[in-house]
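Structural overview
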Amino acid sequence: MSEKRQDYISWDEYFMGVAHLAGMRSKDPNTQVGACIVSKDNKILSMGYNGFPKGCSDEEFPWAREGELLDTKYPFVTHGELNAILNYRGGSLEGTKLYVSLFPCNECAKAIIQAGITCVVYDSDKYEGTPTNKAAKKMFAAAGITIIPYSRTGKTIKIQL
C-alpha cells in the first residue's frame, strides 16, 4: 500500500482558487472579482463574479471607470460577493465563510452581514484606506465578522482546458 500524496492543496488554497476561477468569468476589462461561500463543513454553497444583472447586455452597458456616472460601470455592476449571496438557493447562510479575491466594498459588507456570513477571507485589499473600505471594515468590526487576509503560498495551479 502506498502513502497518500503530500502536495495536495489546503482548504484555503482550494476555496481561494475557486474564487479566483469564478472571477475569470467576469467580462470587466479592469477588475475581475470572484467569490465563493463555504459551509462550516467545507462544502461550496455558492459562487459569484462581478458583472451586469441578468437581462443587462454586456454590449449595451458601459465598462468605463471614468466619466459621468451613468457612462461608467459603477451604477450597473453587481459585485462578486453580492452575486454569490444572490445565487445561493439553499436557505440560510448563517455561520458561513466567504472567500473573495478583493476586499468587499461597504455595500457588499452590508449584504454579507445581513446574510449571516461570519468570516471573510480576502486576497487583495487594493482599496485599503479609501472611505468605502474603511466603512466596510468598521461595519465588519461592529457586527463581529472575522476578516482574514489570505496568505499566499506561492503554489501554482495549472488547469488546461
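I will try to describe carefully the structure that is included in this document. Since the model is a prediction, treat every value here as computed from it, not as a measurement.

**Section: a nonpolar patch on the surface**
A contiguous nonpolar surface patch, about 1100 Å² in accessible area, is contributed by Ile9, Trp11, Tyr14, Leu21, Met24, Ile44, Met47, Ile157, Ile159 and Leu161. The set of elements that each furnish at least two residues to the nonpolar patch consists of helix H1 (11-23) and strand S2 (44-49). The element that contributes the greatest number of residues to the nonpolar patch is H1, accounting for three residues. With respect to the secondary-structure elements, Leu21 resides in helix H1.

**Observations concerning unusual backbone geometry**
Its identity as a non-glycine residue notwithstanding, Asn42 has a phi of 60 degrees, on the positive side. Tracing the sequence through the fold places Asn42 in the loop between strand S1 (34-38) and S2.

**Comments concerning the sheet that holds strand S3 (residues 97-102)**
Pairing is mixed in the open sheet, where five strands are placed in the order S2-S1-S3-S4-S5. Since the sheet does not close on itself, it has two edges, and those belong to S2 and strand S5 (146-149), each with one partner. The mean inter-strand angle of the sheet, taken between neighbouring strand axes irrespective of direction, is 15 degrees. In this sheet, S3 lies alongside S1 in antiparallel orientation, the contact comprising four bridges. Considered in S3, the bridge of Ile37 is made with Leu98.

**Topic: the nonpolar core**
Most often, soluble globular proteins have nonpolar side chains that are buried together. Counting 21 residues, the largest nonpolar core has Ile85, Leu98 and Ile117 as the members making the most contacts within it. Contributions of two or more residues to this core are made by S1, helix H2 (80-87), S3, helix H3 (106-115), strand S4 (119-124) and helix H4 (131-143). Looking at this core element by element, the count peaks at four residues for H3. If sequence neighbours within four positions are ignored, Leu98 has contacts with Ala35, Cys36, Ile37, Glu81, Ile112, Ile117, Cys119, Val120 and Val121. If you look at the next biggest cluster of nonpolar residues, it comprises ten residues, including Met16, Cys36, Val38 and Val121.

Rules used throughout
- Residues numbered from 1 in each chain as written.
- Predicted model: local features only at pLDDT ≥ 70, side-chain atom pairs only at ≥ 80, totals over all residues.
- Heavy atoms only, no water.
- Patch = residues over 30% accessible without salt bridge, like charges linked within 9 Å, V, L, I, M, F, W, Y side chains within 5 Å.
- Areas by Shrake-Rupley, 256 points an atom, 1.4 Å probe, with all protein chains shown as cover.
- Salt bridge = Lys/Arg side-chain N within 4 Å of Asp/Glu carboxyl O.
- Helix = DSSP H or I, 4+ residues; strand = E, 2+ residues; numbered from the N terminus.
- Pairing = 2+ DSSP bridges.
- Axes fitted to C-alpha atoms, helices over the stretch in contact; angles between N-to-C directions.
- Core = buried A, V, L, I, M, F, W, Y, C linked by side-chain atoms within 4.5 Å.
- Buried < 20%, exposed > 50% of the residue type's maximum accessible area, 1.4 Å probe, protein only.
- Contact = heavy atoms within 4.5 Å.

Interpretation note: all reported values are geometric properties and have no functional meaning in isolation.
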